[in-house]
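# Analysis of the macromolecular model
Chain by chain, the residues:
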Amino acid sequence: MAASSSNLVSSSSLKRISPSFLSWKLPISSAFGVSVAFPRGRGAVPRFVVLAMDAKPTVLVAEKLGEAGLNLLKDFANVDCSYNLSPEELCTKISLCDALIVRSGTKVNREVFESSGGRLKVVGRAGVGIDNVDLAAATEHGCLVVNAPTANTVAAAEHGIALITAMARNIAQADASVKAGKWQRNKYVGVSLVGKTLAVMGFGKVGSEVTRRAKGLGMHVIAHDPYAPADRARAIGVELVSFDEAIATADFISLHMPLTPATSKILNDETFAKMKKGVRIINVARGGVIDEEALVRALDAGIVAQAALDVFTVEPPPKDSKLVQHENVTVTPHLGASTMEAQEGVAIEIAEAVVGALKGELAATAVNAPMVPAEVLTELKPFVELAEKLGRLAVQLVAGGSGVKSIKVTYASARAPDDLDTRLLRAMITKGLIEPISSVFVNLVNADFTAKQRGLRITEERIVLDGSPENPLEFIQVQIANVESRFASAISESGEIKVEGRVKDGIPHLTRVGSFEVDVSMEGSLILCRQVDQPGMIGKVGSILGEENVNVSFMSVGRIAPRKQAVMAIGVDEQPSKECLKKIGDISAVEEFVFLKL
Ligand SMILES: NC(=O)C1=CN([C@@H]2O[C@H](COP(=O)(O)OP(=O)(O)OC[C@H]3O[C@@H](n4cnc5c(N)ncnc54)[C@H](O)[C@@H]3O)[C@@H](O)[C@H]2O)C=CC1
Ligand SMILES: O=C(O)C(=O)COP(=O)(O)O
């Protein structure tokens, strides 16, 4: 048996982990009850579904979306297409909406989430860049953010190539000149692309497609991307180089990275100074990756010969923008994704993601939640239920005023630690721990954040057991340290509240309370009693409950030794009255008891 331990509650654990799936528990409105449900049948994927959803959800579409996507949305939800809303109007409307769909023109900031009053559960970004959505605020509000990352890739790449060629041959300027009645053939002599070096900055989806096309134009392409896999670059026949090498050797620099704190103004006075004189810049990514004032200076100084820009720090840019008006600058109004084909594709991609998320299905394009593969979810299904119930049980055992701070979760499994994904289990334990003692709704999106915010330190420990790794987990143990318990017997020898559970025949079972081994299925509610082990106790408690018409679903007794201390766990379908519980407490052999809702 080997154990490893780590503190897993960190903001980084909320980041995207793999391009897989996300499932989560989703309330359409706080008024509706929710529950985890799992479809039957082989290969069926568990979902977190909305129960008692007696009204259609409402989706606010705040920017123009393709018809096919709108139709998909309308089949499932009330769709409110309100374009050009002011920030105030958006904040007013949002409290009536379960989902919001935007493109790049709407700022989905903290105020929007705060104004939603907890109803907004999905934000769909009909496109790639999510820099206009406050992801931290979304996560804090338990709101899933999904995007449509693939359908506009080719459109953006084609626009990048269009800008490179248009810029190199002065197409826009020459067009305007001819339309103004001029014929300036000498003024608009361009530069050739063949044999020139193009630095693709950001070798992701768009960057790769730009590379393929630029190679077809005979350009020598190098790429800079600190996170791109070298084998993908090799497969496309491109060399990955450092930032400095890329900007120092390129004749053309094309930007294809997301706008993040690390890429903000990545092209600035200092970096322009390192470029080849006469370099040409293309930006189809985000305006904010260039310091626009520095670009004007670089253009004026002749360091940058030309720039072609589809995106701007502020959109639309001010009318008198020196950059936009610069004669060596070609501009388009954020048209990268604007082809008929891309917009239809994006609309379908985002509509499917939003409807899926509203139904509680797996979201393949979740941006602000860890994603768990569907097959992992299927396998972990009963353990997910067990995890939540153990959390729920453990926190109810804490005596009032104790202040829960430190929780240790132990997963015992014959699987190697890398083969067991515990993020979902941790989220469900967190949910179980927090929901009974607060009004906060916890889901996979906000579990780690909520725990951190409430000062809960959740550490996870893995016990690697010998034996067959077929079963993902043998048992889960939840311990709460430094607290008093309402049920002293729940405190283990080492001083923590301890509960442990296993899955038996697909049903979660409580198998340990403190130092006492029990064996009860975790359904309905539970009465835990400590008594002096003696004959007739089960009968006495059973008949008190029977008199009150409380149905007992199971009973189990765990004892230290015959005729010594024993803990009796009694599962009940109905909640016993106070009087009934008092009668149980009054049995002379009963030393303490507690009623817990599972
Ligand atoms: N103008 C428009 O209409 C459109 C703009 N875009 C924008 O294009 C950009 C790229 O989109 P995709 O290729 O789909 O995204 P992607 O996520 O596939 O690729 C982005 C790449 O940038 C890399 N990257 C991150 N930080 C970097 C850094 N500091 N230096 C260099 N590379 C870095 C990442 O590793 C990743 O490979 C995004 O900003 C997106 O918003 C995308 C579609 C349309
Ligand atoms: O997908 C992206 O990142 C884009 O920039 C496209 O923006 P849009 O949807 O056209 O406002």
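As shown above, the structure is provided for reference.
Overview of the structure. (Residues numbered from 1 in each chain as written. Chains lettered and ligands numbered in written order. Predicted model: local features only at pLDDT ≥ 70, side-chain atom pairs only at ≥ 80, totals over all residues.)

With that settled, consider the overall build of the chain. Across its full length, the chain holds 18 helices and 25 strands. Across the 598 residues that make up the chain, the buried fraction comes to 47%. Put simply, of all contacts in the chain between residues at least 6 apart along the chain, 70% involve residues at least 24 apart. (Helix = DSSP H or I, 4+ residues; strand = E, 2+ residues; numbered from the N terminus. Buried ≥ 20, exposed ≤ 12 C-beta atoms within 10 Å, placed from the backbone. Contact = placed C-beta atoms within 7 Å.)

Another point: the nonpolar core. Residues Val-59, Leu-100, Ile-101, Val-354, Ala-394, Ile-476 and Leu-528 are the most contacted members of the largest nonpolar core, which totals 166 residues. It is helix 13 (residues 340-359) that provides the largest number of residues to this core, a total of 11 residues. Setting aside anything within four residues of it in sequence, one finds Ile-101 in contact with Val-59, Val-61, Ala-62, Leu-65, Gly-124, Ala-126, Ile-350 and Val-354. (Core = buried A, V, L, I, M, F, W, Y, C linked by C-beta atoms within 7 Å.)

This part takes up the sheet that holds strand 15 (residues 329-331). The strand order 11-10-9-12-13-14-15 describes an open sheet built from 7 strands, whose pairing is parallel. Among the strands making up the open sheet, the edge pair consists of strand 11 (239-240) and strand 15. In this sheet, strand 12 (residues 252-255) lies alongside strand 9 (residues 197-201) in parallel orientation, the contact comprising 4 bridges. Within strand 12, the position partnered with Val-200 by the bridge is Ser-254. In the packing of helix 11 (residues 292-300) onto the sheet, contacts are made with strand 14 (304-309) and strand 15, and the angle to strand 14 comes to roughly 140°. (Pairing = 2+ DSSP bridges. Axes fitted to C-alpha atoms, helices over the stretch in contact; angles between N-to-C directions.)

Contacts to ligand 1 come from 33 residues, most closely from Gly-129, Gly-202, Gly-204, Val-206 and Gly-336. Those elements that place two or more of their residues in the shell around ligand 1 are helix 5 (153-168) and helix 7 (205-216). A total of 3 residues in the shell around ligand 1 trace back to one element, the largest contributor, which is helix 7. A breakdown of the residues in the shell around ligand 1 according to their chemical character gives 17 nonpolar, 12 polar and 4 charged. (Near = placed C-beta within 6 Å. Nonpolar A, V, L, I, M, F, W, Y, C, P; charged D, E, K, R; others polar.)

Attention shifts here to the site of ligand 2. In the vicinity of ligand 2, the contacting residues are Arg-103, Ser-104, Gly-105, Ala-126, Gly-127, Val-128, Gly-129, Asn-152, His-334, Gly-336, Ala-337 and Ser-338. Of the residues in the shell around ligand 2, the class split is 3 nonpolar, 8 polar and 1 charged.

The next subject is the environment of Met-257. Note on placement: Met-257 falls in the loop between strand 12 and helix 10 (269-273). Residues Met-257 and His-224, 33 residues apart in the sequence, show an inter-C-alpha distance of 9.8 Å. Beyond its immediate stretch of four places on either side in the chain, Met-257 contacts Met-201, Gly-202, Thr-263, Ala-285 and Val-289.

With that settled, the discussion passes to the sheet that holds strand 4 (residues 58-61). Read across the open sheet, the 5 strands follow the order 5-4-6-7-8; overall the sheet is parallel. The open sheet has two edge strands, strand 5 (78-81) and strand 8 (144-147), and neither has a second partner. When the angles between neighbouring strand axes are averaged without regard to direction, this sheet yields 20°. With 4 bridges joining them, strand 6 (residues 99-102) and strand 7 (residues 122-125) adopt parallel strand pairing. Bridge pairing in strand 7 places Val-102 opposite Arg-125. Of the strands in this sheet, strand 4, strand 6, strand 7 and strand 8 are in contact with helix 13, which crosses strand 7 at around 170°.

Next up on the list: helix 11. Among all positions of helix 11, only Glu-292, Leu-295, Ala-298 and Leu-299 are buried. Along helix 11, the residues classed as buried sweep out an arc of 110° about the axis, all on the same side. Check the buried side of helix 11 and you find it contacts helix 10, strand 14, helix 12 (322-325) and strand 15. (Arc of directions from axis to C-beta.)

Here strand 12 shows two buried faces, one formed by Phe-252 and Ser-254 and the other by Ile-253 and Leu-255. Relative to strand 13 (residues 279-283), strand 12 runs parallel, the two being bridged by 4 bridges. Looking at the pairing, Leu-255 lines up with Asn-283 of strand 13.

Bringing the pairing of strand 9 into the picture now. Where burial is concerned, most of strand 9 is hidden: 4 out of the 5 residues are buried. Here 5 bridges tie strand 9 to strand 10 (residues 220-224), and the two strands are oriented parallel to one another. What sits directly across from Leu-198, in strand 10, is Val-221. Remark: the strand 9/helix 7/strand 10 crossover connection has right-handed handedness. (Right-handed = clockwise from strand over helix to strand, strands pointing away.)

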